[in-house]
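A closer look at the structure
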Amino acid sequence: MTDKQDGFLLNRRQTLLMLGATGLTTIAVPGFFRGEALAKEAPKGQIIIGFSQEPTVFNPHLLHVECDEGVHYAVFDPLFDVDPEGNYFPLLAAEVPTVANGGISADGLNWKIKLRDDVKWHDGKPFTAEDVKFTLELLTDPDFRSWRRTGHELVRDLTVVSPTELTWRMEKPFAPYAAFLASTFIVPKHAFDGVVDKNSAPFNNAPIGTGAFKWKKRVAGDHIELEANPDYFGEGPHIQQVVIKYIPDLTVLYTQFKTGDVDLVGVQWITADHYEEAKSLPGRIIELTGVATIESISLNMERPYFKDPAVREALYHALDKQAIIDAIYYGVPTPTESYMPKESYYYNPDLPKHEYNIDKAKAILDKAGWKPGADGIREKDGVRLSFKNSTTAGNNLREQAQQFVQQSFRDIGVEMTISNLPPAVMWGDYWMMSQFDSVMVGLTPLIGPDPDPSDFFKSTASPAKGGTGQNTWVYANAEVDALMEQGGALFVPEERLPIYKKVQELVRKDLPMLPMFQYMQVRGRKADVDGFKGNINNRIDTWNIRDWRRK
Amino acid sequence: MLGYTLRRLWQSVILLLIVSVIGFSVLNLAPGGPLSQYTLTPGMTKEALDRIAEQMGLNRPLPVQYLDWLWRLVQGDWGHSYRDGRPVLEIIAGHLWATILLMGGSTLLSILIGTWLGVHTAIRRGSAFDYVGTIVAMVSLSIPTFWFGLVAIYVFSLKLQWLPAGNMFTVGDGSFLDYVRHLILPSVVLALVNVAVWSRYMRSATLEVVNQDFIRTARAKGLSPRRVLLKHVLGNAMLPMITLAGVQLPALLGGALVTETVFTWPGMGRLFLDSLGYNDYPVVMGLLMFSAILVLLGNFIADLLVAFVDPRVRLD
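Note that the structure is a prediction, hence the values are computed from the model and not measured.

Moving on to the overall build of chain A. Of the regular secondary structure elements, chain A holds 16 helices and 21 strands. A compact globule built from 551 residues should have a C-alpha radius of gyration of about 24 Å, and chain A, at 24 Å, falls within 12% of that. Reported as C-alpha extents along the three principal axes, the dimensions of chain A are approximately 80 × 55 × 50 Å. Relative to its 551 residues, chain A shows a buried fraction of 53%. In chain A, the proportion of contacts linking residues at least 24 apart, taken out of those at least 6 apart, comes to 69%.

The structure is reproduced here in structure tokens:
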């Protein structure tokens, strides 16, 4: 980001050392946008981004999906954001709050945010601390259909000290809160003045932000037009107009990228089967970008057969990951042992390497007492090693992978039947209340750069057991629970590192999910689109759209 | 006439009620629901989803939800989309315009060509023209629109670069000519199938009429073949076509899903698929009621028209 241009060429390690005692890894630079001192170059040109899903939710705090954030990042700003290396950088905040700069108290309980004083909303009104206060309160407003309250519900005594400063107290230390704030866009208080039902405020379909691009218009079902915000407080924007075009079919999206109608392919990107061909297109740049989504076979640990660790280990040995990646996913994704993306600072590279070995798998099951029955399917104490595997019906690649795995498992005397369901059924109670045996699924257990996966691995996070998270495999390991409790209250990355490495180690050993691979996206754009940068810590391409330009 | 209209109207209301009950039940009784698609969103919890379901009133008993919906509908409130919160009627109207453009263009094309082809293959029954016409119609009926659309894009957009690869208009242009340029490929692709349908119907209708006694009489009177064709054959052969057009009206305004997808045309077909995919119940119900009304209206108009042009039919 722009911090680099300011001469702060620190690598992660130096940054961490320098800010060792601070709550956040950050580069907190006052006068962050030095470029502003120079005359701003006028934005020019247009970029057409193709999305295979239609953004329809423009209030960033209502329930929404990934593609909606494509618009949010262009129109709004959070207090601070995260760059691809996992460093926080300030946007609406004058500096990222840290323990070192007094933004966060040493115990993580008291927060103080200083804001920029030169920011205006798109309608010309000044941005102040009242807007931040309003946003944080909106998220926990009982009448508002807030998409996420995690972290925000711990905020107490939210106080506006001055138009550029506010403070609050946290009910308990919650280290991941920084990551939540980094994806919390600030919305204008005045847009909700006199609005009775905030769920249907006019603002929700005509958003007013502080971002590099202003809302221009939307043709429902077709496209959205955004135009440059000439008064943007930071560097950029460099493009006059951004068009987000909805192209529902991925083949058609790719075709329009080939014909040149689309300048940049956004969600769901270029399909893996077009990767090779895309690389040969003239005048196009094709890149693989890592994302934080991990494909796995998730197991329901409550099922009698999966309670036996030997079964989980044997199944993992019978999983020919590389063959699935190469034959079905065109070699695009990378195999992994962890739920944590490789790009993360907290990634544990020393986890035991998976070995595809049918004989070993059989030996493990033999030793554990699972003996083949009359039909060749193993049994033990009256329990047959036979289970269902489910995923979203119609997902061709997954369905092929399932059939491949089914064959491998049969080789070791395990019966896996395939029972796929439409998405609305699959991801309803069937998933949430752990009604499945096993599921092939891509999960994103982390929020931005934060390493805390409590919602997925804590024993208190299983809805089937009355919990509130998404620990649908009903995984329970007291040691993992304790580690995550500890890590969530620590604010120093070096101190958190060994904890989350250990969590990965334990999860790898327990195998509530058989990790298959980390997804990679095939991203494509015209060669003259500059400034585009993949970011593992953000799920959408437009996170730095303010930096994009046409050469 | 008035009695007939009132009777039809009364029947229609009952029918619409039945359709709405069935539609509402099927939608809501299917497992899952409008919120399950958000399950895999990072940071999503069951607690959050349950709370939002409560706030949206999705936890109320189904009959209560239905009566609430119906009561609002009677008052003219078709509800709001779960996705973007806009009024359902406004959303339908927005997509209807795109569909009318596409379907209007292609239907006009297919009726003109189809009628011409049908009549000529019929009066020259057994000729080479008839055979070729029949084969072409069969082939075009069998070609999947998706494939044909992509081939058309490949040839005319990618290779020849004559026409745009899709979309309804160029962002920032939107002039009449721009619309026409964008309309050509999708409407021709769509018309191809419909030409086949229309020409087959027209051919058999014409054949039936051509063999009637009054045509022989007309010829025996010494009328020119052209006059026989235009006045006697066509006039009578067109009658079943009116009914066909009436039945086709809802299909016409229902949009052409495949063509709309290939050519990224923001019409009714895609709206229906998207709304179903996102379990956007208010919009799906709105579309269901809208198309049910169209079916009833289309049939009613067709009946009136037939009664008007065919003296043998009386409505009471």
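Now that the structure has been shown, the text picks up again.
Now for the overall build of chain B. When helices and strands are counted, chain B shows 12 helices and zero strands. Going from the N terminus to the C terminus, chain B shows its helices and strands as α-α-α-α-α-α-α-α-α-α-α-α. Taken along its principal axes, the extent of the C-alpha atoms in chain B is 85 × 60 × 35 Å. When each of the 316 residues of chain B is scored for burial, the buried share is 36%. Within chain B, contacts between residues at least 6 apart in sequence are counted, and of these 72% link residues at least 24 apart.

This paragraph deals with the environment of A:Thr468. As for its placement among the helices and strands, A:Thr468 is situated in the loop between α14 (454-457) and α15 (478-487). C-beta crowding within 10 Å serves as the criterion here: with 17 such atoms nearby, A:Thr468 is assigned to the partly exposed category. Sequence spacing of A:Thr468 and A:Phe456 is 12 residues, and the spatial spacing of their C-alpha atoms is 10.0 Å. The residues touching A:Thr468, leaving out its near neighbours within four places in the chain, are A:Ala461, B:Thr45, B:Lys46 and B:Glu47.

Let us look at helix α9 (residues 225-254) of chain B. Three- or four-residue spacings in an α-helix give side chains the same orientation, since the helix completes a turn every 3.6 residues. The sharpest bend along α9(B) measures roughly 40 degrees and falls at B:Leu234. Buried residues along α9(B) sit in contact with α4 (88-123), α7 (176-210), α8 (213-220), α11 (268-277) and α12 (281-309) of chain B.

Next up on the list: the packing of helix α1 (residues 2-29) of chain B against α12(B). All names here are of chain B. Orientation of α1 relative to α12, taken along the N-to-C sense of each, is 150 degrees, at an axis distance of 10 Å. When the axis of α1 is compared with that of α12, the two are roughly antiparallel. In this structure, α1 meets α12 at a crossing whose hand is right-handed. Residue-level inspection shows Arg-8, Ser-12, Leu-15, Leu-16, Val-19, Ser-20, Gly-23, Phe-24 and Leu-27 of α1 in contact with α12, the latter providing Tyr-281, Val-284, Met-285, Leu-288, Met-289, Ala-292, Ile-293, Leu-296 and Phe-300. Its residues assigned to classes, the contact of α1 with α12 comprises 14 nonpolar, three polar and one charged.

Looking now at the nonpolar core. Within the largest apolar cluster, 201 residues are counted, with the highest numbers of intra-cluster contacts made by A:Ala74, A:Ala93, A:Val242 and A:Leu315. Broken down by element, this core gets its largest block of residues, 13 residues, from α7(B). Residue contacts for A:Ala74: discarding those within four places in its chain leaves A:Gly211, A:Ala212, A:Phe213, A:Leu226, A:Val242, A:Thr542 and A:Ile545.

Attention now goes to the interface of chain B and chain A. Between chain B and chain A, the residue contacts involve 44 residues of the former and 44 residues of the latter. Elements represented by at least two residues in the side of chain B that touches chain A include exactly α2 (46-56), α4, α6 (145-159), α10 (257-262) and α11 of chain B. In terms of residue count, α2(B) provides more of the side of chain B that touches chain A than any other element does, six residues in total.

Below, the discussion takes up the UniProt feature "transmembrane region" (unreviewed entry) in chain B. All names here are of chain B. Residues given the UniProt feature "transmembrane region" (unreviewed entry) here are residues 12-30, 96-119, 131-156, 176-197, 237-263 and 283-309. Across residues 131-156, helical content stands at 92% and strand content at 0%; the span's end C-alpha atoms are separated by 29 Å. Each end of residues 176-197 is marked by a C-alpha atom, and these two atoms are 30 Å apart; helix forms 100% of the span and strand 0%.

Take the domain arrangement of chain B next. Residues and elements named next belong to chain B. Taken domain by domain, chain B consists of domain 1 (2-74) and domain 2 (88-313). Each of domain 1 and domain 2 has a C-alpha centre, and these two points are 33 Å apart. At the junction of the two partners, domain 1 supplies 14 residues and domain 2 supplies 12 residues. The dominant element in the side of domain 1 that touches domain 2, judged by the number of residues it contributes, is α1, at nine residues. Among the residues making up the side of domain 1 that touches domain 2, the classes are represented as seven nonpolar, six polar and one charged.

Residues and elements named next belong to chain A. Pairing is antiparallel in the open sheet, where three strands are placed in the order β4-β6-β5. Each edge of the sheet is formed by a strand with only one pairing partner; in this case those strands are β4 (110-114) and β5 (155-162). Taking the axes of each pair of neighbouring strands and ignoring which way they run, one obtains an average angle of 15 degrees across the sheet. Pairing geometry for β5 and strand β6 (residues 165-170), over five bridges, is antiparallel.

Moving on, we come to helix α8 (residues 309-317) of chain A. A:Val311, A:Arg312, A:Ala314, A:Leu315, A:Tyr316 and A:His317 are the residues of α8(A) that are buried. Its buried side turned inward, α8(A) meets β11 (284-299), α10 (358-367), α11 (396-411) and β19 (513-526) of chain A.

Looking now at the confidence of the model for chain A. All names here are of chain A. This prediction gives chain A a mean pLDDT of 90; 93% of its residues lie at or above 70. Mean pLDDT values for the elements of chain A range from 34 in helix α1 (residues 2-5) up to 98 in helix α4 (residues 129-138). Confidence drops under pLDDT 50 across residues 1-37; counting only partners more than four residues distant or on other chains, this segment forms 72 contacts.

This paragraph deals with the sheet that holds strand β14 (residues 378-380) of chain A. Residues and elements named next belong to chain A. An order of β13-β14-β15 is seen for the three strands of this open sheet, with the pairing classed as antiparallel. Two strands lie at the open edges of the sheet, namely β13 (371-372) and β15 (383-384), each paired on one side alone. For β14 and β15, the ladder comprises two bridges, and the chain directions are antiparallel. Residue pairing in the sheet places Glu-379 in a bridge with Arg-384 of β15.

What counts, and at which threshold
- Numbers given to residues run from 1 along each chain, matching the order in which its sequence is written.
- Lettering for chains starts from A, numbering for ligands starts from 1, and both go in the order in which the items are written.
- Selection of residues for local features in this predicted model requires a pLDDT of at least 70, selection of side-chain atom pairs for listing and counting requires 80 or more, and totals for whole chains, interfaces and linings are taken over all residues.
- Strands here mean DSSP runs of E at least two residues long; helices mean DSSP runs of H or I at least four residues long; both are numbered from the N terminus.
- Every radius of gyration here is taken over C-alpha atoms, with the globule rule written as 2.2 Å times N^0.38, N being the number of residues.
- Whether a residue is buried, exposed or partly exposed is read from the other C-beta atoms within 10 Å of its own C-beta, which are placed from the backbone; 20 or more gives buried, 12 or fewer gives exposed, and intermediate counts give partly exposed.
- The contact criterion used here is simple: two residues whose C-beta atoms, placed from the backbone, lie within 7 Å are in contact.
- In this analysis the local bend is the angle between axes fitted, respectively, to the seven residues ending at and the seven residues starting at the residue.
- Whenever a helix is involved, its axis is fitted only over the stretch in contact; in every case the axis is a line through C-alpha atoms, and angles between N-to-C directions fall within 0 to 180 degrees.
- For this classification, under 35 degrees means roughly parallel, over 145 means roughly antiparallel, 65 to 115 means roughly perpendicular, and everything else is oblique.
- Handedness of a crossing follows from how the near helix is turned relative to the far one, being left-handed for an anticlockwise turn of less than a right angle and right-handed for a clockwise one.
- Residues are grouped as follows: Ala, Val, Leu, Ile, Met, Phe, Trp, Tyr, Cys and Pro are nonpolar; Asp, Glu, Lys and Arg are charged; all remaining types, including Gly, are polar.
- The nonpolar core criterion groups buried Ala, Val, Leu, Ile, Met, Phe, Trp, Tyr and Cys residues into a set whenever they are joined through C-beta atoms within 7 Å.
- UniProt positions are given in the numbering used here, feature names are shortened, and annotations may be inferred rather than shown by experiment.
- Those domain boundaries reflect an automatic or database domain assignment.
- Here, any two strands with at least 2 DSSP bridges between them count as paired.
- Confidence scores labelled pLDDT are given residue by residue by the predictor and lie between 0 and 100.

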